[in-house]
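Coordinates in review
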Amino acid sequence: MLEAIVSAGPKVKVIHSEIPVPGPNQVLIKVAVAAANPKDWKVPEWTGTEMNQGDDGAGFVEAVGKNVSGFKKGDRVAGFHQGSAGGTYGEYALFPQHLTIPIPANMSFEEASTVPLTAGTAAVGLFATDGGLNLPSPASPANETIPLVIYGASGSVGAFAVQLAKKANIHPLICVAGGGAKTIEHLLDHSRGDTIVDYRKGDKAVTQHISAALSGKPLKHALDTIAHGSSSTNVAGAMTDGGTIARTLPGEGELPNGVKQFQLSVSVVHSQQQDFGRDMYKLFGQGLEHGWLEPRPFEIVRGGLNSVEKALIDLKAGKASAVKYVLRIDETDGLDGTA
């Protein structure tokens, strides 16, 4: 098969590789669409590694491991790849069974590919008891008012956080966003105090508008999906009684008002919190089937695996606003075409 290997730059080379063999608890997918994520260019720069960085994808089940139940060849699925071999920037990919999601018949592969990694990141940040904010989950919704700030709410992680928090009856949702705010406006319940704060009005205004949206209620929890520059500081300024901010990147210094911060990691669903991951990804499947969990807007980067480099360069340059870059694998030049 063909797969794309990503190195720092980002630079990408398309190579021939053996089709991976599913382990006992894995599902082998013939990839139809892969979705690009910022970590796909960041990890090679941080670590110096060269590998297939694709983690998000959707396609048809090709084969399953001996312990796998509930999936069979030909099923339409999306999933979150684990490990070094079998990433989604290839003709075939490997997903752990517990992080594989059935796709509704009326949903495209492009739509489905936008869900797994970013929805998983949002779920860990909001609901995980270890490595998350430990907020009430959709399985046991909140029965009291819990203000929550979601910084970067129109990005992929942020938008899934909005939907999952809403399903958990967490309100008011104070959503910090910019030009992409129109893509989440319809998800909010203004009768419960949900609102959008425009970060483009400046740091001081962001803190003031968050405070105003609280209507006197204390703010104890925030999810910062931007996690750079003044984002967490802006939120902490409204946490007058202290609180905790979950960040998608490491902290950049102490925060005011005694506010605590930590970096979340979605990788826990692969290892120490597999049961949590299994429950969340089952929930994602139900949400897609019943319509309360919406995929993200996407933009097709033409050229399949040959255009992974372009997609990652554009991600690094910040050109993707409230949209997910996806690649159709069948647009790749020189596909092997055999399993």
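See the structure above.
Figured I'd write up the structure that's included with this text.

Thresholds, definitions, all that
- Residues numbered from 1 in each chain as written.
- Predicted model: local features only at pLDDT ≥ 70, side-chain atom pairs only at ≥ 80, totals over all residues.
- Heavy atoms only, no water.
- Helix = DSSP H or I, 4+ residues; strand = E, 2+ residues; numbered from the N terminus.
- Expected span 1.5 Å × (residues − 1).
- Buried < 20%, exposed > 50% of the residue type's maximum accessible area, 1.4 Å probe, protein only.
- Contact = heavy atoms within 4.5 Å.
- Axes fitted to C-alpha atoms, helices over the stretch in contact; angles between N-to-C directions.
- Parallel < 35°, antiparallel > 145°, perpendicular 65-115°, else oblique.
- Left-handed = near helix turned anticlockwise from the far one by under 90°.
- Nonpolar A, V, L, I, M, F, W, Y, C, P; charged D, E, K, R; others polar.
- Pairing = 2+ DSSP bridges.
- Core = buried A, V, L, I, M, F, W, Y, C linked by side-chain atoms within 4.5 Å.
- Phe/Tyr/Trp six-rings, centres within 6.5 Å; stacked < 30°, edge-to-face > 60°.
- Salt bridge = Lys/Arg side-chain N within 4 Å of Asp/Glu carboxyl O.

1. Things to note about helix α5 (residues 203-214)
- When the terminal C-alpha atoms of α5 are compared, their 17 Å separation across 12 residues agrees well with the 16 Å that a helix rising 1.5 Å per residue should span.
- For α5, every residue scored as buried is listed here: A205, V206, T207, I210, A213 and L214.
- Looking at the buried positions of α5, the neighbouring elements they touch are β8 (148-151), β9 (173-177), β10 (195-198) and α6 (231-236).
- In the segment just after α5, S215 is the residue with positive phi, at about 50°.

2. Points about the packing of helix α3 (residues 116-127) against helix α7 (residues 274-290)
- Contact geometry for α3 and α7: axes closest at 10 Å, N-to-C directions at 120°. When the interaxial angle is binned, α3 and α7 end up oblique. In the crossing of α3 with α7, the sense of the turn from one axis to the other is right-handed. Contacts between α3 and α7 involve P116, L117, A119, G120, A123, V124 and F127 on the former and, on the latter, F276, M280, Y281 and F284.
- A per-class count over the contact of α3 with α7 returns 10 nonpolar, 1 polar and no charged.

3. Points about the sheet that holds strand β11 (residues 221-224)
- In spatial order, the strands read β10-β9-β8-β11-β12-β13; together these 6 strands make up an open sheet with parallel pairing. Two strands bound the open sheet, and with one partner strand each, they are β10 and β13 (260-263). Within this sheet the neighbouring strands show an average axis-to-axis angle of 20°, counted without direction.
- Looking at chain direction, β11 and strand β12 (residues 244-247) are connected through 4 bridges and run parallel. Of the residues in β12, the one forming a bridge with L223 is A246.

4. Some remarks on the nonpolar core
- Formed by 56 residues in total, the largest nonpolar core has its most connected members in L126, F127, L148, L164, I170 and F284.
- Taken together, the elements giving at least two residues each to this core come down to β3 (26-35), β5 (76-80), α2 (109-113), α3, β8, α4 (156-167), β9 and α7.
- In this structure, L164 is in contact with A119, A122, A123, L126, F127, P138, L283, F284, W292 and L293, ignoring residues within four places of it in sequence.
- The next biggest cluster of nonpolar side chains, apart from the first, holds 19 residues, and it includes A4, V308, L315 and L327.

5. Examining the packing of aromatic side chains
- For the structure shown, the criterion picks out 2 aromatic pairs.
- Each ring, one from F60 and one from F109, has its centre 5.1 Å from the other, and the planes form 80°; the classification is edge-to-face. Remark: F109 occurs in helix α2 and F60 occurs in strand β4 (residues 56-64); sequence separation between them is 49 residues.

6. Considerations on the packing of α3 against α4
- Interhelical geometry of α3 versus α4 gives an angle of 55° and a closest axis separation of 8 Å. Between α3 and α4, the interaxial angle falls into the category oblique. Seen along the crossing, α3 lies across α4 with a hand that is right-handed. Contact with α3, carried on its side by T118, A119, T121, A122, A123, L126 and F127, involves S156, V157, F160, A161, L164 and A165 of α4 and no other residues of that element.

7. Some thoughts on the environment of F298
- Take F298: it is sitting in strand β14 (residues 298-300).
- Look at F298 and you get partly exposed, because its relative accessible area is 33%.
- For the pair formed by F298 and W46, sequence separation is 252 residues and the distance between their alpha carbons is 27 Å.
- The residues contacting F298, other than those within four sequence positions of it, are E110, E111, T114, V323, K324 and V326.

8. A short note on the side chain of S137
- As for its position among the elements, S137 is in the loop between α3 and β8.
- When its relative accessible area of 18% is taken as the criterion, S137 is described as buried.
- Residue contacts for S137: discarding those within four places in its chain leaves F127 and A168.

9. Details of the pattern of salt bridges
- Per the stated rule, a full pass over the model turns up 15 salt bridges.
- In this structure, the salt-bridge partner of K324 is D56, at a minimum N-O distance of 3.4 Å. Here the residue K324 occupies a position in strand β15 (residues 324-328), and D56 occupies one in strand β4, the gap between them amounting to 268 residues.
- Taking the relative accessible area as the measure of exposure, K324 reaches 3% and is therefore buried.
- The exposure class of D56 is buried, given its relative accessible area of 0%.
- Ionic pairing is found between R247 and D224, a salt bridge with its closest N-O pair at 3.8 Å. Of this pair, R247 sits in strand β12 while D224 sits in strand β11, placing them 23 residues apart in sequence.
- Ionic contacts of the salt-bridge type, sharing partners, join the residues E110, R302, R328 and E331 into one network.

10. Focus: α7
- Taking 1.5 Å as the rise per residue, α7 with 17 residues should run 24 Å; its terminal C-alpha atoms sit 24 Å apart, in good agreement.
- The set of residues buried in α7 consists of F276, G277, M280, Y281, L283, F284, G285, G287 and L288.
- Where α7 is buried, its residues contact β5, β7 (100-102), α3 and α4.

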